[in-house]
Amino acid sequence: MDKSSTTHTLAILLMVYLLLVGVGAAVLLVANFPTEPPSTGNSPTSAREAGCAKFLPFEMLITEAQRMIVLALLAGITGSFIHAMQSLSSYVGNGAFTPSWAMWYIVRPWIGGILGMAVFFAIWAGLVAGTGDRVDPRGVVALGLLGGWFSKTRSDKLQEVFET
């Protein structure tokens, strides 16, 4: 097998991996999204059970707070999948993909998932003005998606802030 063929095979394997992780996270995100809107006064710190979290084929009993964390994680993974797939398809399409970047594509969705959770915790802790006790799952998902999608930019900016 020549170098070009190996690189092409690796790119295809990475695309399949990203599709499995990204689409899988999106499906689990929809499966775990609450079917009823949160009631007024509903706090993410509530100990009341929110129901079962679905992780095909498993289910587990979780609280509302845990559901929001799961949603933030899955949304971050999904958002980061968008970023990684755009990048990979662009580099493969213009013939500039190199195997040395394979690890970046493997870990990118998971970094986005953790950053999605970090964004959620920052908002939940009140570090963002205008947030209260009530957490809307739609906002958690939106911020998680954006946190994951722009995880590279966000990581670079955080590194810059902490280095100064």
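Residues numbered from 1 in each chain as written. Predicted model: local features only at pLDDT ≥ 70, side-chain atom pairs only at ≥ 80, totals over all residues. Heavy atoms only, no water.

**Q** So what exactly am I meant to see when it comes to the overall build of the chain here?
**A** From N to C terminus, the chain includes five helices and two strands. When each of the 164 residues of the chain is scored for burial, the buried share is 35%. Of the contacts formed within the chain by residues at least 6 apart in sequence, a portion of 72% connects residues at least 24 apart. As presented, the chain carries roughly 9,500 Å² of accessible surface, and 68% of it is formed by carbon and sulfur atoms. (Helix = DSSP H or I, 4+ residues; strand = E, 2+ residues; numbered from the N terminus. Buried < 20%, exposed > 50% of the residue type's maximum accessible area, 1.4 Å probe, protein only. Contact = heavy atoms within 4.5 Å. Areas by Shrake-Rupley, 256 points an atom, 1.4 Å probe, with all protein chains shown as cover.)

**Q** Teacher, can you tell me more about the nonpolar core here?
**A** Nonpolar side chains in soluble globular proteins tend to be buried together. Formed by 16 residues in total, the largest nonpolar core has its most connected members in Leu29, Met68, Leu71, Leu74, Phe120 and Val140. Of all the elements in the fold, those that place two or more residues in this core are helix 1 (3-32), helix 2 (64-93), helix 3 (102-124) and helix 4 (137-149). Top contributing element to this core by residue count: helix 2, with seven residues. Among the nonpolar cores identified, the runner-up in size contains 11 residues, and Ala11, Phe81, Ala84 and Phe97 belong to it. (Core = buried A, V, L, I, M, F, W, Y, C linked by side-chain atoms within 4.5 Å.)

**Q** Help me understand helix 1 in this model?
**A** For the α-helix, the turn length of 3.6 residues means that residues three or four positions removed from each other point alike. Spanning 30 residues, helix 1 covers 43 Å between terminal C-alpha atoms, matching the ideal 44 Å at 1.5 Å per step. The complete set of buried residues in helix 1 reads Thr7, Ala11, Leu14, Leu18, Val21, Gly22, Ala25, Leu28, Leu29 and Asn32. (Expected span 1.5 Å × (residues − 1).)

**Q** Got a minute to help me understand the packing of aromatic side chains in this structure?
**A** Aromatic ring pairs are defined here through the distance separating the ring centres and the angle between the ring planes. Under the criterion given, the structure shown has six aromatic pairs. Aromatic pair Trp101 and Trp104: ring centres 6.1 Å apart, planes at 70°, arrangement edge-to-face. Residue class for Trp104 comes out buried when judged on its relative accessible area of 16%. (Phe/Tyr/Trp six-rings, centres within 6.5 Å; stacked < 30°, edge-to-face > 60°.)

**Q** Would you mind showing me how to read the packing of helix 2 against helix 4 here?
**A** A packed helix pair is summarised by two numbers, namely the angle formed by the two axes and the spacing between the axes. As a packed pair, helix 2 and helix 4 sit with axes 6 Å apart at the nearest point and diverge in direction by 35°. Note on packing geometry: the crossing formed by helix 2 with helix 4 is right-handed. Listed contacts from helix 4 to Met68, Leu71, Ala72, Ala75, Gly76, Thr78, Gly79, Ser80, Ile82, His83 and Gln86 of helix 2 are Pro137, Val140, Val141, Gly144, Leu145, Gly148 and Trp149. Classifying every residue of the contact of helix 2 with helix 4 gives 10 nonpolar, eight polar and no charged. (Axes fitted to C-alpha atoms, helices over the stretch in contact; angles between N-to-C directions. Left-handed = near helix turned anticlockwise from the far one by under 90°. Nonpolar A, V, L, I, M, F, W, Y, C, P; charged D, E, K, R; others polar.)

**Q** Is there a simple way to think about a nonpolar patch on the surface in this case?
**A** Nonpolar side chains collect at one region of the surface, where Met103, Ile106, Val107 and Ile111 lie side by side and expose about 310 Å² of accessible area between them. Residue position: Ile106 is located in helix 3. The exposure class of Ile106 is partly exposed, given its relative accessible area of 32%. (Patch = residues over 30% accessible without salt bridge, like charges linked within 9 Å, V, L, I, M, F, W, Y side chains within 5 Å. Salt bridge = Lys/Arg side-chain N within 4 Å of Asp/Glu carboxyl O.)

**Q** What should I look at first to understand the environment of Thr78 in this one?
**A** Mapped onto the secondary structure, Thr78 falls in helix 2. When the C-alpha atoms of Thr78 and Gly24 are compared, they prove to be 8.5 Å apart, with 54 residues separating the residues in sequence. Filtering out sequence-adjacent residues up to four positions away, Thr78 remains in contact with Gly22, Ala25, Ala26, Leu29 and Leu145. Among the polar contacts made by the side chain of Thr78, one reaches the main-chain amide nitrogen of Ala26 at a distance of 3.4 Å. (Polar contact = N/O pair within 3.5 Å; in protein donor to acceptor, adjacent residues only side chain to side chain.)

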